[in-house]
Structure formats: structure tokens, C-alpha cells
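# Chain and residue survey
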Amino acid sequence: MRRILCCVLLASLGIAAPSAANDPQETPRYNREIRPILANACFQCHGPDPGGRKAKLRFDREEGFFGAREGGPTVVKNDPAKSPLYQRIITKDPDDLMPPPKSHKVLKPEEKEKIRKWIAQGAPWEPHWAFIKPDRSAPPAV
């Protein structure tokens, strides 16, 4: 109900309601859609905490995806089939599956699809939102 009222209010002001996250043609944004998936399922072992980090791999930094690693980068832009990150989340082999079964974390099919789509569309990187200069939007027409 609240969402409907917000959309009606925005429409009455001539402002389009945000719908990029639901647009099948839109590239998933790292900060809005990919980072939250990884933060929930992967950051425990591949996040900013050096004490818990595994495989010297960080998913909160750009070099964790695209940096030089033995065997190549974790993400191959535009090619999920060659991206170890994507291959590890879709494998049926429990020894290679990420997140590992013992973590009791499971990616939903729609989360896997968002990651696949993000990689297929070039895996555009965004730094943490706190480091992005805000853009001043134009005021709505009155």
C-alpha cells in the first residue's frame, strides 16, 4: 500500500517511480543489487575482515573481481561461462560450491541470475556509495 501511495505521489509530481531493479534490460548495479548478495553470502570469508578472509580474495574491492590472480581473474567481464565466481555459485559439486554448504548460506536462483547478468553485461564496478560524489538532480516541474 505504501509503495502504491508513493508511486501515485511521484506520478502527480511528474516524477517517474524508480523501476530499474525490475527492468529486465537494465544491467544490475553492483552497489544496489550485487554487493548486498555478496555481503550476505560471501563477505564472511571474502570481505573486509582480514582475520576471516579465505583464499586472499575480497569482494568489497575491485581487484578482488578483476585483479591478477593465479588462474586468472575471478570475473571475466561479459563472459559468465569463463568467470570462476559464477561457475562456483552454479556448480553441483559440493566441494567447489560457493558459498560452501557448511556455511548454511544458499544463493536463491534469482540472486544467481543477477550475478550472471551483471557479469554478462560487463560487470560494471562501483566503489562504495560513500565514495561516490552525489549528483544534483533537477527539481521537479511545478
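Residues numbered from 1 in each chain as written. Predicted model: local features only at pLDDT ≥ 70, side-chain atom pairs only at ≥ 80, totals over all residues. Heavy atoms only, no water.

To continue, consider the overall build of the chain. Helix and strand counts for the chain stand at six helices and zero strands. When the helices and strands of the chain are read in sequence order from the N terminus, they spell out α-α-α-α-α-α. Counting only residues that meet the buried cut, the chain has 27% of its 142 residues in that class. With an accessible surface of roughly 10100 Å², the chain has 57% of that area assigned to carbon and sulfur atoms. (Helix = DSSP H or I, 4+ residues; strand = E, 2+ residues; numbered from the N terminus. Buried < 20%, exposed > 50% of the residue type's maximum accessible area, 1.4 Å probe, protein only. Areas by Shrake-Rupley, 256 points an atom, 1.4 Å probe, with all protein chains shown as cover.)

What follows covers the nonpolar core. Counting residues in each nonpolar core, the largest one holds 20 residues, and the members touching the most others are Tyr30, Leu38, Phe59, Phe65, Ile115 and Trp118. Taken together, the elements giving at least two residues each to this core come down to α2 (30–41), α5 (84–90) and α6 (109–120). Broken down by element, this core gets its largest block of residues, five residues, from α2. In this structure, Ile115 is in contact with Ile34, Ile37, Leu38, Leu85, Tyr86, Ile89 and Leu107, ignoring residues within four places of it in sequence. (Core = buried A, V, L, I, M, F, W, Y, C linked by side-chain atoms within 4.5 Å. Contact = heavy atoms within 4.5 Å.)

So, on to α2. By the burial criterion, the buried members of α2 are Tyr30, Asn31, Glu33, Ile34, Arg35, Ile37, Leu38 and Ala41. Looking at the buried residues of α2, the elements they touch are α3 (43–46), α4 (62–66) and α6.

Bringing the state of the cysteines into the picture now. If you walk through the whole model with that rule in mind, you get zero disulfides. With no disulfide partner, Cys45 has as its closest neighbouring cysteine sulfur the one in Cys42, 8.6 Å distant. Judged by relative accessible area, which is 26%, Cys45 ranks as partly exposed. (Disulfide = S-S within 2.5 Å.)

Further remarks concern the packing of aromatic side chains. For any pair of aromatic rings, geometry is given as the distance between the ring centres together with the angle between the planes. The tally for this structure, following the rule as stated, stands at seven aromatic pairs. Summarising the aromatic geometry, the rings of Tyr30 and Trp118 are spaced 5.7 Å apart at their centres and angled 35° between planes, so their arrangement reads as tilted. Remark: Trp118 occurs in helix α6 and Tyr30 occurs in helix α2; sequence separation between them is 88 residues. On the numbers, 5.6 Å between centres and 50° between planes, the contact of Phe65 with Trp125 is tilted. (Phe/Tyr/Trp six-rings, centres within 6.5 Å; stacked < 30°, edge-to-face > 60°.)

You can see Glu126 is positioned in the segment after α6. On the basis of relative accessibility, which here comes to 14%, the residue Glu126 falls in the buried class. There is a polar contact of 3.3 Å between the side chain of Glu126 and the backbone nitrogen of Tyr30. In terms of polar contacts, Glu126 uses its side chain to reach the backbone amide nitrogen of Asn31, at 2.8 Å. Those residues within four positions of Glu126 in sequence are excluded, and the remaining contacts are Arg29, Tyr30, Asn31, Arg32 and Arg35. (Polar contact = N/O pair within 3.5 Å; in protein donor to acceptor, adjacent residues only side chain to side chain.)

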